[in-house]
Amino acid sequence: MMSLQKAFHFLCLVFFYLNFQPNLSSSSSCSHDQASALIQFKSSFTIDILHSSAECDDVGIKSYPKTDSWKQGTDCCSWDGVTCDNITGRVLGLDLSCSWLHATIPSNSSLFHLPHLQKLNLAHNNFHASKMSSKFGEFACLVYLNLSASNFAGQVPSQVSHLSKLVSLDLSGNDLHIFDKHSLEGLVHNLTKVRQLVLDGIEMSSVNPDVLMNLSSSIISLSLCGCDLQGKFPEYIFHLPNLKSLYLGDNKNLSLKLLRFNRSNSLELLDLSAMSFSTESVDGIGKLQSLKYLHLSKTSFSKRLFDSIGNLVSLKGLDLSSTNLTGSIPSLLGNLSSSLRSLNLVNCGLQGKLLENIFHMPSLSRLEFLDLGLNQLKGSIPDEESVFPNLISLDLSSNLLNGTLPPWLFDIPSLKSINLSYNQFSGPIKEFRYNSLERIDLYNNKIQGPIPSSISQLLDLTHLHLSSNNLSGVVEYGMFSKLQKLQYLDLSSNSLSLILNGTSADYILPNLQILRLSSCNVNDFPQFLKGSKSLRYLDLSNNGICGKIPKWVGKISFNYLNLSHNFLTDIDQQLPWKGIQFLDLSSNLIHGDLPIPP
């Protein structure tokens, strides 16, 4: 489920990607040499669904192997992810983000035979801790470069600073480092057009933050989360005229001087999570009239700072997770702006029966995202009509809540995610009136009764996790036949009986990756798994499955396969050995020699 912070960050990326388009088209014929370079690049990697990325799903990017459409002898300008100039046919854009690529990118890669590239996006793949080649610095026309979360390693090559036309650079989420101030100094000094700079997770402990004083005044978004920056962060950065987003979270040794904000400051998002600063140094936050998103998780907190936050009239998202909130929390929350859309109070030490107060605060009535997980809240969820008519995501997991699930929970048309796991809720799951839900997590409670039939109509559902409850009744596999987006299904440890029906073999769930049906009175292998290409985790333990393991099971590329505590008698020699990390066949009736993995 995409939080408001992720949505804001994603919109920034989209803005930079779409608003700096050259004269592009996918209708021109590309040159033979460029097509050959792309085909050669494709042949240098394998496609591995194991490296499909949950982050892609979180920001709404479809994860699939784009290079499947790359066929020799066809026009490369029509291939997925490839964009060409509509006059010359030169390849100017290559977007292979979330494409399941599994490879290394050496300096002699044919990727570097595309000299006219203006946009390159290889985010969310697995490049096997490849060193980031200095050849990336030779794309002289590059405006947009995104190599985030793709398992690059080593030093950021100084040649990246030669990309003087860059408007957006994202190297976050890799195992990269910058050894000295001169490398960062060159990057900051030469990238005079950069508007978005994302360097999260790049190790910079040896770099003096004052180097950042030379950042371009045109910068709109700067992200330096988890860079191990040391010392004092220059106040000057906070006052850059066009800066709207500043992420400094998870730099525990980075401190702030006394910040003197004024009401004309343009900041819209500020992340200071897990940083070292005194409450007094950020008292001026209340003057940031344009601020929409504030993240102060894992920081020291006080009523004085909370009062200052109450002055943020434009505030839409507030993250105070893992702060030790003390005092009269309900009254403090009552001072927040009525524009608030997202509130995160995970692991804040909240205790007692606070839900009644929180759920009836006028200042919170427009909330879309509410996360109160990992606290010690007691009592029940208020039963009357919800004060949150626009709720998109509700997380009350890992508390001490009890009672039945309130009727309004099943009547909110905007609701996409429910997480009430690890509580003591009882009673039935009522029928859902709307089909907007994408995720349901109700596991580890005491919920009773059948699984509601309306779940079969939740066509956008990706996760259904109902394990470890007291659910009962017969469940036909056909209930899930329409849930083509389903990725995760767990009904384990209930009193359910899963049975085949007439449609059981007539469908597949193409996106299903994890299926857990332990202790579900299953008597046969679910036929809808036959031919599955996405399934990686299967648990059918503690059931009543008899006979031989079907041959089609051996054709699925499992990481985890648990068939223990059944009545299996024979094993086909063709077990899914490739890539398997866990295999349990114990407590069956298997006789003869066990197959030996190759």
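In what follows, the structure referred to is the one given above.
Scope of this entry: the structure provided in the associated data block. Computed from a prediction, not measured in an experiment: that's the story for all the values here.

A look at the overall build of the protein
Then, in step 1: Each helix and strand in the protein was counted, giving seven helices and 39 strands.
Then, in step 2: Here the protein has a C-alpha radius of gyration of 27 Å; the compact-globule value for 598 residues is 25 Å, and the two agree.
Then, in step 3: Based on the C-alpha atoms only, the size of the protein along its principal axes is roughly 70 × 70 × 40 Å.
Then, in step 4: Pairs at least 24 apart in sequence give 56% of the contacts found in the protein among residues at least 6 apart.
Then, in step 5: Of the roughly 24,400 Å² of accessible surface on the protein, 50% is carried by carbon and sulfur atoms.
Then, in step 6: Put simply, the protein has 44 plus and 48 minus side-chain charges, and the middle of one group is 4 Å from the middle of the other.

Points about the pattern of salt bridges
Then, in step 1: One pass over the structure, following the stated rule, counts ten salt bridges.
Then, in step 2: Between Glu138 and Lys135 there is a salt bridge, with the nearest N and O atoms lying 3.9 Å from each other.
Then, in step 3: By relative accessible area, Glu138 is classed as exposed at 53%.
Then, in step 4: According to the relative accessible area criterion, Lys135 is partly exposed, its value standing at 30%.
Then, in step 5: Residue Asp490 pairs with Arg516 through a salt bridge whose shortest N-O separation is 3.6 Å. With Asp490 in strand 32 (residues 488-490) and Arg516 in strand 34 (residues 514-516), this residue pair connects regions lying 26 residues apart in the sequence.
Then, in step 6: The class for Asp490 is buried, based on a relative accessible area of 2%.
Then, in step 7: Residue class for Arg516 comes out partly exposed when judged on its relative accessible area of 28%.
Then, in step 8: Where salt bridges share partners, they join Lys244, Glu268 and Lys292 into one cluster.

Structural notes on a positive patch on the surface
Then, in step 1: On the surface, Lys530, Lys548, Lys551 and Lys555 cluster together into a positively charged patch.
Then, in step 2: Among the secondary structure elements, Lys551 is positioned in the loop between strand 36 (546-548) and strand 37 (560-562).
Then, in step 3: Exposure remark for Lys551: the relative accessible area of 54% places this residue in the exposed category.

Remarks on helix 2 (residues 32-43)
Then, in step 1: In this model helix 2 runs 16 Å from its N-terminal to its C-terminal C-alpha over twelve residues, within 8% of the 16 Å that 1.5 Å per residue would give.
Then, in step 2: Those residues of helix 2 that are buried lie in contact with strand 3 (82-85) and strand 4 (91-95).

Here we look at the sheet that holds strand 23 (residues 376-379)
Then, in step 1: In space, the seven strands of this open sheet follow the order 21-23-25-27-29-31-33, with parallel pairing throughout. What marks the edges here is a single partner per strand, and that holds for strand 21 (351-352) and strand 33 (495-499).
Then, in step 2: Bridge count between strand 21 and strand 23: two bridges; the pairing is parallel. Following the sheet pairing, Gly352 is matched in strand 23 by Leu377.

Things to note about the packing of aromatic side chains
Then, in step 1: Summed over the entire model, instances satisfying the criterion amount to 18 aromatic pairs.
Then, in step 2: On the numbers, 5.2 Å between centres and 40° between planes, the contact of Phe127 with Phe152 is tilted. Of the two residues, Phe127 sits in the loop between strand 6 (119-121) and strand 7 (130-131) while Phe152 sits in strand 9 (residues 152-155), which places them 25 residues apart along the sequence. Grouping residues by exposure puts Phe127 and Phe152 together as buried.

Quick word on the state of the cysteines
Then, in step 1: The final tally for this structure, using the stated rule, is three disulfides.
Then, in step 2: Sulfur-sulfur distance for the disulfide between Cys30 and Cys76 comes to 1.9 Å. One end of the pair, Cys30, is in the loop between strand 1 (24-25) and helix 2; the other, Cys76, is in the loop between helix 3 (54-58) and strand 3, and 46 residues separate them in sequence. Assigned by exposure class, Cys30 and Cys76 land together as buried.
Then, in step 3: Across the protein, the way the bonded cysteines pair up, counted in sequence order, is 1-3, 2-6, 4-5.
Then, in step 4: Not engaged in a disulfide, the cysteine Cys227 finds its nearest cysteine sulfur in Cys225; these two sulfurs lie 7.5 Å apart.
Then, in step 5: In this structure Cys227 comes out as buried when scored by relative accessible area, which is 0%.
Then, in step 6: No disulfide involves Cys520; its nearest neighbouring cysteine sulfur is the one of Cys546, lying 16 Å away.

Procedures and definitions
- Residues numbered from 1 in each chain as written.
- Predicted model: local features only at pLDDT ≥ 70, side-chain atom pairs only at ≥ 80, totals over all residues.
- Heavy atoms only, no water.
- Helix = DSSP H or I, 4+ residues; strand = E, 2+ residues; numbered from the N terminus.
- Rg over C-alpha atoms; globule rule 2.2 N^0.38 Å.
- Contact = heavy atoms within 4.5 Å.
- Areas by Shrake-Rupley, 256 points an atom, 1.4 Å probe, with all protein chains shown as cover.
- Lys, Arg positive; Asp, Glu negative; His and termini not counted.
- Charge placed at Lys NZ, Arg CZ, Asp CG, Glu CD.
- Salt bridge = Lys/Arg side-chain N within 4 Å of Asp/Glu carboxyl O.
- Buried < 20%, exposed > 50% of the residue type's maximum accessible area, 1.4 Å probe, protein only.
- Patch = residues over 30% accessible without salt bridge, like charges linked within 9 Å, V, L, I, M, F, W, Y side chains within 5 Å.
- Expected span 1.5 Å × (residues − 1).
- Pairing = 2+ DSSP bridges.
- Phe/Tyr/Trp six-rings, centres within 6.5 Å; stacked < 30°, edge-to-face > 60°.
- Disulfide = S-S within 2.5 Å.

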